[in-house]
Amino acid sequence: MANIIMDLGFSLNPAIDVGQGHPNVKAIHSSKDDGEPPFFLASAVFFAIKDTITAVRIEVGCSDWFPLDNPATPKRIRMACLDDITSLLINYDFHPKLSV
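Residues numbered from 1 in each chain as written. Predicted model: local features only at pLDDT ≥ 70, side-chain atom pairs only at ≥ 80, totals over all residues. Heavy atoms only, no water.

Novice: Describe in detail the environment of Ile49, supporting the description with residues and values.
Specialist: Relative to the helices and strands, Ile49 resides in helix H2 (residues 36-59). Along the backbone, Ile49 and Ile77 are 28 residues apart, and their C-alpha atoms lie at a distance of 8.0 Å. Those residues within four positions of Ile49 in sequence are excluded, and the remaining contacts are Leu68, Ala72 and Ile77. (Helix = DSSP H or I, 4+ residues; strand = E, 2+ residues; numbered from the N terminus. Contact = heavy atoms within 4.5 Å.)

The structure is reproduced here in structure tokens:
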């Protein structure tokens, strides 16, 4: 345990100046209800969409890797599927410019 003390002439927050190693007995520790599950839930949806696009591409004979930027907009999903309509606009080895 280490106490970090800064000499600033005045206390910025007396609650954290000394005694940082003392746990708050009323606090909820390791809580997962503050944003982590929704973040990963959104990732699961994105990768489910990408898996679906992969299945559609395999049906038309294209099993190559393809980029899918986030957010997966309807336009990006449609262009990645390589169906009869999109094949009129692009060929099977089309790789869009990544928007990084």
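Let's pick the thread back up.
Novice: Account for unusual backbone geometry, with residues named and values stated.
Specialist: Looking along the chain, the bond that leaves Asn70 and enters Pro71 is cis, with omega of 10 degrees. With respect to the element layout, Pro71 can be found in the loop between H2 and helix H3 (74-81).

Novice: A description of the confidence of the model for the chain should follow, citing residues and the corresponding values.
Specialist: When pLDDT drops low, the exact placement of atoms in the prediction is not to be read closely. Mean pLDDT over the chain stands at 75; residues scoring 70 or higher make up 56%. Mean pLDDT across the elements of the chain bottoms out in helix H1 (residues 14-17) (65) and peaks in H3 (88). (pLDDT = per-residue confidence, 0-100.)

Novice: Before we move on, can you summarise the nonpolar core with the specific residues and values?
Specialist: With 6 residues, the main nonpolar core is built from Phe46, Ile53, Phe66, Leu68, Ala80 and Cys81. Once you skip the residues sitting within four places of it in the chain, Phe46 turns out to touch Leu68, Asp69, Asn70 and Ala72. (Core = buried A, V, L, I, M, F, W, Y, C linked by side-chain atoms within 4.5 Å. Buried < 20%, exposed > 50% of the residue type's maximum accessible area, 1.4 Å probe, protein only.)

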